[in-house]
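# Breakdown of the fold
So the chains spell out like this:
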Amino acid sequence: MEPTVVPILRKENAITIDYNLWGSYIGQDLLKNVPSSTYVLITDTNLYDLYVPSFEKAFNHAASSIKAESRLLTYTIPPGETSKSRTTKAEVEDWMLSEERDPPLDTKSVLLALGGGVIGDMIGFVAATFKRGIRFVQIPTTLLAMVDSSIGGKTAIDTPAGKNLIGAFWQPSKIYIDLNFLNTLPTREFINGLAEVIKTAVISTTAMSKTNESKGEYETMKYKFEALEANANEIMAAIKISPEANGPRLSTIKAKLKDIVLGSVQVKAHVVSADEREGGLRNLLNFGHSIGHGIEGLLTPDVLHGECVAIGMVLEAELALHLGVLSGQAVARLRKCLANYGLPTSLKDAVVRERSGHKHCSVDQILSVMAVDKKNQGKKKRIVLLRGIGLVHEQQATVVADRDIRLVLSPSVRILPSIPDGSKVSCTPPGSKSISNRALVLAALAKGKCRIRNLLHSVDTEVMIGALKTMKCASFSSGTDSEGNYLLVTGNGGNLQASETDLYIENAGTAARFLATVTILAKPTSQAYSILTGNRRMNEGRPIKDLVDALRANGSSIECLGKDGHLPLKIAAAEGMDGGDIELDASFSSQYVSSILMTAPYAKKPVTLRLTGGPPISQLYIDMTTAMMRSFGVDVIKSTTEEHTYHIPQATYQNPPDYEVESDASSATYPLALAAINGTTCIVPNVGYGSLQGDAQFAVKVLKQMGCTVNQTKSSTTVTGPPKGNLKPIASIDMETMTDAFLTASVLAAVAHDSTGKSTTKITGIKNQHKKECDRIEAMEKELAKFGVTCRGFEDGIEIDGINPDELREPDGGVHCYDDHRVAMSNSVLATVAPHGAVITEKECVGKTWPGWWDTLRLSFNVAMQGVDVENQSKSKSRQPGIGNKSIYLIGMRGAGKTTTGQWVADLLYLSFVDLDSQLEMEAKQTIPEMIKESGWEGFRRQEIAILKRTMMEESKDHVFACGGGIVEIPEARKILIDFYKSGGLVILVQRNIEDVMAYLQLDKSRPAYVDDMRSVWERRKSWYVECSNYQHYSQKAPKDSLAQASKDLERFIGTITGKRRALEKIKTKAHSFFVSLTVPDIAAASDFLPEVVVGSDAVELRVDLLEDPQNPNAPPSIEYVAKQLAILHGSTSLPVIYTIRTQGQGGKFPDNAPLELVASLYMLALRMGVEFLDLEIQFPDSILRQISTAKGHTKIIASHHDSTNILSWENGSWMKFYNKALLYGDIVKLVGVATSQEDNLQLLQFRKSAKSNHETPLIAINMGLDGQLSRIQNAFLTPVSHPALPFKAAPGQLSAAEIRSALALHGAIKPMQYYLFGSPIAQSKSPAMHNTLFKVTGLPHTYSLFETSKAADLDQILQSASFGGASVTIPLKLDIVPRLDSISDDAKLIGAVNTIIADPSTPSSKNQGGQHLTGRNTDWQGMTRVLSNAGAQPSAQQSGLVIGGGGTARAAIYALHAMGYTPIYVLGRSKPKIQELASSFPEDYSLEVLHPAEQPLKMTSVPAAAISTIPADKPIDPAVKNFLDHWLFGVNGGDLRMERDGSRDGKVTVKQILLEMAYKPAVTDMMEMAAGGGWTTIPGLEVLAGQGWYQFEAWTGIEPLYEMVREACGLKKLT
Ligand SMILES: NC(=O)c1ccc[n+]([C@@H]2O[C@H](COP(=O)([O-])OP(=O)(O)OC[C@H]3O[C@@H](n4cnc5c(N)ncnc54)[C@H](O)[C@@H]3O)[C@@H](O)[C@H]2O)c1
Ligand SMILES: [Zn+2]
């Protein structure tokens, strides 16, 4: 049989489509119809082995059989979208042009593109430009390529700026579609292609009717979408069979599959023929693609094109619905069809979220990608709008406003108060579910045709229709007439047939109950029974026993195939129940009763139904059924003599021509409430007092009482509200008969108050509302509170204190809906009267009962609204540093340091610290041991938990709480703590080495003694502590001197976990940054050389895989060991830490087969300990990547990939896949390849360039190996470096930071700059030696020299020079220099002296034309603080300081002591007026107190702990001053007297007292001698030179030099 052909662009046989074309058919056809001497087949490596060798054979055979001299060349490229690149195109072209080829390719050669859309698009483009265009042939192998990309001649490649931006129209000479290729196509790719198939079907009718109005064509196309709907299960079952060449996969769907592909091909070919260059009609093929591309731009490559288009189609259909051109029913049909084919229909789809690593696509991002759509008209977006299935609104894309797109895309909606006064709206809410289901059953069982209107579209009604259809009970079709949409049901009068396939009703309870009796009516077919089944929840959880029992008793044969009394049911086809007397227990469900009632007329004998088990539940629904049966022509007689008994005659239902389903009365409460609250009028035309729905009484029972005018007829309700703000409260109302409407009543009550000022409404009888979609009573309490309305929920109801609507607040963060449609709709009613409106989040949740609610609000009620992306807003909020002022909890063993840590944390974050144990003791007025003695451990724990709970409620802000050590012993407390951190709080586990804790506790007898079995207590609690906390911190055992380091470490930790320490931002500002890898097995052992190793780096990498626990050297390090190592590292450097694990496969030491749980928990440990950076290898399974990236908090992820086996190349796009994946998870991306030649570095440079132009994420990209060193030099951002002092390099080719800097200097990338010392006399200065040494060791090419002068004017030339790097300034220029500088730092301003000039080449000077911006600073005071703290100065509260002297240096000294926290600060000098003037020039909070030697006795109130002497030492000290000091401070007398005044314990000095001498010469001054004599520690002035020089160097270069080295260069002796 000849294969099927389809014409395109007036070429009859251009497209061939069938099975079995590949091989000889294509070989022969090519040679005959596209003759050439050379065919070049290009494919990807996936397809080559599968298909090419056999084709070569067939081709050669065909060629030789016709004696053609044709040759077939083949070439392969890597698979995947990254191959659609300029580089791959160039590679293919270069290969085609390569000179060795004989004969060369020429303009007659033919390219064969074998593959998916990637190959087709790219090779098509090669063909279009090769030698100005050669012929090519499309041989699509993916479904997407078959139905879409191979047809139409669009060819393209991707560029960094976007997909398909470069390309050409170039028509293939032939397209061969061999359906057999689909045998091997992976399932996900198959489904991906189905999205395009569905898309084509959805626009097909309009598309085909443009030039061909013939009915035949129209009808066949219309059938197509329905065929897709009908065949979904069968087709999906086949596609899910695993792919295999010549496998059985397609056997069952062969014919259908061909029809599907053929149908799509026909439409596409037709459209392309009508509009080759996409002027209008061809737009239609872009349905779903405008928004789809917006999504794809963000989620590619993790989510495929078709998957994004599927979501795009739904959203574009919703847009059409929103614009009023498409029905909600059509949207539902499209959504369902896509879902049935396994395609996602929403960005929230679990699969999409999983595949994209939970990436959030903000509305702004989607819109910005959409802005580059080729269809757009300038800034206006154009989108294909559907007007029905198969039908398009215009013959081309329509311009749509951004506002509308935004509203549809946004997960939340802002409702604005905008209902016009006097508005009068008629509104028909969706049909009632109960009535819809009954109407379907009755119309299907009746004779004749019935148009059912206002039917509810939901899963329940869909499965009901499906089952009735399957049993041929009736036929169904939808239609529209002047009255609107309807479902036409043609009933068979009760004739139906047993179903041969299972009747699957998902979880639809009503359908299950009604169908259980309907099925008995069936006639046997090939099968004498039907099987009624549902999903697992239905089959296991929802009993139907009473009904089955009653039917069995009546002679029906029903078998429960699963659990007794549950579905699946095997129901014999009996053409009706036996009838007669039937007894049914109706205490469980009224639907059992309705089920029997509705089929009873077709029973073999008239039925008398007796309900047992007392009064039936929900009598109203039974009445509803009998009333409806009457509408379909059957009168049920309720017995007047017997209770709960019904007589049903034998009869045939007759369909009324029309049946309008009454609107759902609960839904109707919302439009009516809108009128009530706004003082307007609303009519619901089809719910009246005749309704049997309980909620139909809402208008009369609630609204009327609140002051509305209510007019209810039998079938309609009209409500007019009192003028806005005049609703009245109802003191008490029982809503038991209309529980679902309580939410509506509550929002009205929220603004109800009467003239007496009483404003509380109490609603009762709604106990069931605690357990609906959410706890609705609690939900309303919470959400109304956000409006500023107080409610009190209780067991059976809720009380609401109404306020004036003008006082309603705008809910902070929007109204949360708990995925509950009623919460959303009721709050949106309230929002229409709130002065600032309100954002309702999760707007989609109304879909459960009223998908069109927002459109009704907008279109019928004229409510103004905007789309809002709340998730995005709150995300950007959380990106800001800080945790707000939420309280923090500390847990941990007693003695672990919670109190110290807590106090420090409180100081750092300006919170107040509370020790909960002390608090407890205070409140209970007894000690904890007493408490335990009196009420036992249990009583103590009870009080402990009470206080914990109370703080969570009452002091949720501004506090740091230290919990008692045993708090985690209480399960309830554990839960409270866990909930707390899960909701965004901080619970920090404070840890200390357990031995240290025990040692500490031995001393503390004031607490219950459990020291003895301390260790077992620790063991027991350990895992609880971890479980209850989200962070952990090691408090260092803090001997006095290392307190400074410990508090610094804590500051680092708190800064990191609260996001205040912005390590990444800081590093990003540097032109060259580095991190050093610690390649050591034990950090403690490395602590000697650590300070040296980290110099010049901006971060330090802890290579966890290289750590070796001496206790267990051959295993991967344990969590506890790593935790200790990390704590040691944190304790010894303040640099940010990069935490890295590498397996052997990734070039590290961690075993490749180590359990993944260990890897995951090691990563989690790093997050818990607040590392700044975590290196996450993207080769680890996605589950780990996701876990870590969701839990990361403020830690930044370096997503890395190492190609240690060198299979990737920077040039051909093969890195893209890894780069893209890394982008998904990383705040920083790190890619490490291997260089085997210098070329590789140039390619890397190109790669980096294009990456940089597309993504803001910083990139670390280097090549390993000696050949790769250049790439390290060029990397610039966080380059990994080694250090000569380290045992070995982390990777081959690694350089030190200094080496890289000198290389950069050689390249000219770091320019040599000149630095100076300005002043006089300066010949003896140590500064040149110091700075030149530092420049040298850090690899910088700069020089530092002396420039001696006393005149600032002499400096002008230097200051304006481009090579001026900066300067130190000393006397006499410290003040004179100021006018020549562009800016002065605040400290230098207050001190009144500049000692450092910093030049910024990136900013031009405002003072010197052409010069650099110069800043003056003062580092003298920083140097002073540094040396004082190094000497152990650690001022605690109320320690005073002393400055001796009143000159320029004294100002810096005052500044330094104040910065360190000394208060008050005494200033002692010879001249009282001078000192007084000095003191008064400082702000008051410096608490300066002037001392004068003549004024005795002393006025000092506290002992100075630190003193700085600023008087010259080359002359003797002024005798009065000396005398004063000797007497009051340093001398023996002074000591005694001082102690008396101070009142310290036992007359002993407990504070370390330190004197800093600012004079350099002599090495030991008189002042120092005097102080040392009084027991003070003294520091020589040269130390400050080193200190200020250190800060100067750091300010100039961004490098923190090794402090010891600076001291040494100044000639200071090494400290021991
Ligand atoms: N030109 C157009 O009009 C047009 C239209 C739609 C899409 N496109 C383009 O098409 C591209 C997507 O094409 P795609 O979805 O076909 O993806 P694809 O070409 O990347 O192929 C998908 C994967 O399936 C493999 N594969 C292909 N056929 C196979 C088979 N028969 N058996 C086993 N494996 C097989 C491939 O090797 C590849 O890994 C995108 O670049 C898109 O822009 C172009
Ligand atoms: Zn597409």
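Residues numbered from 1 in each chain as written. Chains lettered and ligands numbered in written order. Predicted model: local features only at pLDDT ≥ 70, side-chain atom pairs only at ≥ 80, totals over all residues. Heavy atoms only, no water.

- The protein has the name Pentafunctional AROM polypeptide in an unreviewed UniProt entry, where Imshaugia aleurites is given as its organism.
- Turning to the protein, the UniProt annotation filed under Subcellular location (unreviewed entry) states: "Cytoplasm".
- The Function (unreviewed entry) field of the UniProt record for the protein holds the comment "The AROM polypeptide catalyzes 5 consecutive enzymatic reactions in prechorismate polyaromatic amino acid biosynthesis." (UniProt positions renumbered as here; feature names shortened; annotations may be inferred.)

### A few points about the overall build of the protein
- Each helix and strand in the protein was counted, giving 55 helices and 61 strands.
- Summarising its shape, the C-alpha atoms of the protein cover approximately 130 × 100 × 65 Å along the three principal directions.
- By the burial criterion, 57% of the 1616 residues in the protein qualify as buried.
- Here the analysis covers contacts within the protein between residues at least 6 apart in sequence; of these, 75% occur between residues at least 24 apart.
- When the accessible area of the protein is evaluated, it comes to approximately 65900 Å², of which 51% is carbon and sulfur surface.
- Seen as two clouds, the 166 positive and the 174 negative side-chain charges of the protein have centres 2 Å apart. (Helix = DSSP H or I, 4+ residues; strand = E, 2+ residues; numbered from the N terminus. Buried < 20%, exposed > 50% of the residue type's maximum accessible area, 1.4 Å probe, protein only. Contact = heavy atoms within 4.5 Å. Areas by Shrake-Rupley, 256 points an atom, 1.4 Å probe, with all protein chains shown as cover. Lys, Arg positive; Asp, Glu negative; His and termini not counted. Charge placed at Lys NZ, Arg CZ, Asp CG, Glu CD.)

### A closer look at the side chain of Glu-842
- By the secondary structure assignment, Glu-842 is in the loop between strand E35 (838-840) and helix H27 (853-859).
- Of the side chains with opposite charge, Lys-348 comes closest to the buried, unpaired Glu-842, at an N-O distance of 6.1 Å.
- Of the polar contacts made by the side chain of Glu-842, one reaches the side chain of His-816; its length is 3.3 Å.
- Apart from the residues within four sequence positions on either side, Glu-842 is in contact with Pro-411, Ser-412, His-816, Cys-817, Tyr-818 and Asp-819. (Salt bridge = Lys/Arg side-chain N within 4 Å of Asp/Glu carboxyl O. Polar contact = N/O pair within 3.5 Å; in protein donor to acceptor, adjacent residues only side chain to side chain.)

### Overview of the coordination of the zinc ion (ligand 2)
- Within the protein, Glu-196 (OE), His-289 (NE2) and His-305 (NE2) serve as the donor atoms for the zinc ion (ligand 2), at 1.8 to 2.1 Å.
- Along the chain, the residues that donate to the zinc ion (ligand 2) are spaced as E-x92-H-x15-H. Residue Glu-196 is found in helix H6 (residues 187-209), and its partner His-305 is found in helix H10 (residues 305-322); the two are separated by 109 residues along the sequence.
- According to the relative accessible area criterion, Glu-196 is buried, its value standing at 1%. (Donors = N, O, S within 2.8 Å, 3.2 Å for Na, K, Ca; no water.)

### Description of the sheet that holds strand E39 (residues 959-962)
- Strand order in the open sheet formed by five strands is E38-E39-E37-E40-E41, with parallel pairing between adjacent strands. One side of each edge strand has no neighbouring strand; the edge strands of this open sheet are strand E38 (912-915) and strand E41 (1031-1034). Shown here is a sheet whose adjacent strand axes are inclined to one another by a mean of 25°, direction ignored. (Pairing = 2+ DSSP bridges. Axes fitted to C-alpha atoms, helices over the stretch in contact; angles between N-to-C directions.)

### Observations regarding the nonpolar core
- One finds Tyr-1139, Tyr-1163 and Leu-1428 to be the most contacted residues of the largest nonpolar core, which totals 129 residues.
- Ranked by residues supplied to this core, first place goes to helix H54 (residues 1582-1597) with nine residues.
- Setting aside anything within four residues of it in sequence, one finds Tyr-1163 in contact with Tyr-1139, Ile-1141, Leu-1174, Asp-1175, Leu-1176, Glu-1177, Phe-1180, Ile-1184 and Ile-1188.
- Formed by 112 residues, the second largest nonpolar core is a distinct cluster that contains Leu-143, Leu-179, Leu-228 and Val-265. (Core = buried A, V, L, I, M, F, W, Y, C linked by side-chain atoms within 4.5 Å.)

### Some details on the site of ligand 1
- With respect to spatial proximity, 25 residues lie near ligand 1, and among them Asp-44, Gly-117, Thr-141, Thr-142 and Thr-184 are the closest.
- Contact between ligand 1 and Thr-142: an oxygen atom at 2.6 Å from a side-chain N or O atom of the residue.
- Measuring from a nitrogen atom of ligand 1, one finds a side-chain N or O atom of Thr-184 at 2.6 Å.
- Among the secondary structure elements, those contributing two or more residues to the shell around ligand 1 are helix H2 (45-65), helix H4 (117-129), helix H5 (143-149), strand E8 (162-169) and H6.
- For the shell around ligand 1, a count of residues per class yields seven nonpolar, nine polar and nine charged. (Near = heavy atom within 4 Å. Nonpolar A, V, L, I, M, F, W, Y, C, P; charged D, E, K, R; others polar.)

### Let's talk about the packing of aromatic side chains
- According to the stated counting rule, one finds 33 aromatic pairs in the structure shown.
- Between Tyr-39 and Phe-59 the ring centres are 5.4 Å apart and the planes differ by 75°, which places this aromatic pair in the edge-to-face class. One end of the pair, Tyr-39, is in strand E3 (residues 38-44); the other, Phe-59, is in helix H2, and 20 residues separate them in sequence. Accessibility classification places Tyr-39 together with Phe-59 in one group, the buried group.
- A ring pair is formed by Tyr-889 and Phe-961, whose centres lie 5.0 Å apart and whose planes are at 25°; its orientation type is stacked. Of this pair, Tyr-889 sits in strand E37 (residues 888-891) while Phe-961 sits in strand E39; the two residues are 72 residues apart in sequence, bridging distant segments of the chain.
- Assessed through its relative accessible area of 1%, Tyr-889 is described here as buried.
- With relative accessibility at 0%, the residue Phe-961 sits in the buried group.
- Among the aromatic residues, those joined into a cluster by ring pairs are Trp-22, Tyr-39, Tyr-51, Phe-55, Phe-59 and Phe-181. (Phe/Tyr/Trp six-rings, centres within 6.5 Å; stacked < 30°, edge-to-face > 60°.)

### Overview of helix H25 (residues 776-786)
- Turning to H25, its buried residues are Arg-776, Ile-777, Ala-779, Met-780, Glu-783 and Leu-784. Within H25, the buried residues cover an arc of 155° as seen down the axis, which keeps them to one side.
- Against helix H24 (742-749), strand E33 (790-794), strand E34 (797-801) and helix H26 (821-831) lie the buried residues of H25.
- Sitting at the head of H25, Asp-775 places a side-chain oxygen 3.2 Å from the backbone nitrogen of Ile-777.
- Looking one or two places after H25, you find Gly-788, whose phi comes out positive at around 90°. (Arc of directions from axis to C-beta.)

### What to know about the UniProt feature "domain: SDH C-terminal" (unreviewed entry) in the protein
- Feature annotation in UniProt places "domain: SDH C-terminal" (unreviewed entry) on residues 1581-1609, given in this structure's numbering.
- End-to-end, the C-alpha atoms of residues 1581-1609 are 15 Å apart, and along that stretch the chain is 79% helix and 0% strand.

### So, the pattern of salt bridges
- Summed over the entire model, instances satisfying the criterion amount to 62 salt bridges.
- The residue Arg-610 makes a salt bridge to Asp-581 at a minimum N-O spacing of 3.1 Å. Here the residue Arg-610 occupies a position in strand E24 (residues 605-612), and Asp-581 occupies one in strand E23 (residues 579-585), the gap between them amounting to 29 residues.
- Its relative accessible area of 52% is what places Asp-581 among the exposed residues.

### A closer look at the pairing of strand E54 (residues 1396-1404)
- Across three bridges, the pairing between strand E52 (residues 1364-1369) and E54 is antiparallel. Within the sheet, the bridge partner assigned to Ser-1368 lies in E54 and is Thr-1396.
- Where E54 lies against strand E55 (residues 1412-1417), six bridges are found, and the strand directions are antiparallel. Looking at the pairing, Thr-1396 lines up with Arg-1417 of E55.

### A word on the state of the cysteines
- All chains considered together, the criterion is met by zero disulfides.
- Here Cys-817 is not cross-linked by a disulfide; its sulfur's nearest cysteine counterpart is in Cys-845, at 4.6 Å.
- The buried category is assigned to Cys-845, whose relative accessible area is 8%. (Disulfide = S-S within 2.5 Å.)

### Notes on the packing of helix H3 (residues 86-97) against H4
- Here H3 crosses H4 at 50°, and the two axes come no closer than 10 Å. By the angle class used here, H3 and H4 are oblique. Like other packed secondary-structure pairs, H3 and H4 cross with a definite hand, here right-handed. Only Met-122, Ile-123, Phe-125, Val-126 and Thr-129 of H4 make contact with H3, whose side of the interface consists of Thr-88, Lys-89, Val-92, Glu-93 and Met-96.
- Taken together, the residues that form the contact of H3 with H4 break down as six nonpolar, two polar and two charged. (Parallel < 35°, antiparallel > 145°, perpendicular 65-115°, else oblique. Left-handed = near helix turned anticlockwise from the far one by under 90°.)

### Regarding the pairing of strand E28 (residues 681-684)
- With three bridges connecting them, strand E15 (residues 424-426) and E28 associate as parallel partners. Bridge assignment links Lys-424 to a residue of E28, and that residue is Thr-681.
- Looking at chain direction, E28 and strand E30 (residues 717-720) are connected through four bridges and run antiparallel. Looking at E30, one finds that Ile-683 is bridged to Thr-718.

### Comments concerning unusual backbone geometry
- In this structure, Pro-568 follows Leu-567 across a cis peptide bond, with omega equal to -5°.
- Structurally, Pro-568 can be placed in the loop between strand E21 (558-560) and strand E22 (569-572).
- In this structure, Pro-1464 follows Thr-1463 across a cis peptide bond, with omega equal to -5°.
- With respect to the helices and strands, the residue Pro-1464 is situated in the loop between helix H49 (1448-1460) and strand E57 (1465-1468).
- Of note in the backbone geometry, Arg-10 takes a positive phi value of approximately 65° without being a glycine.
- Mapped onto the fold, Arg-10 is located in the loop between strand E1 (4-8) and strand E2 (11-18).
- On the accessibility criterion, Arg-10 (67% relative accessible area) is exposed.

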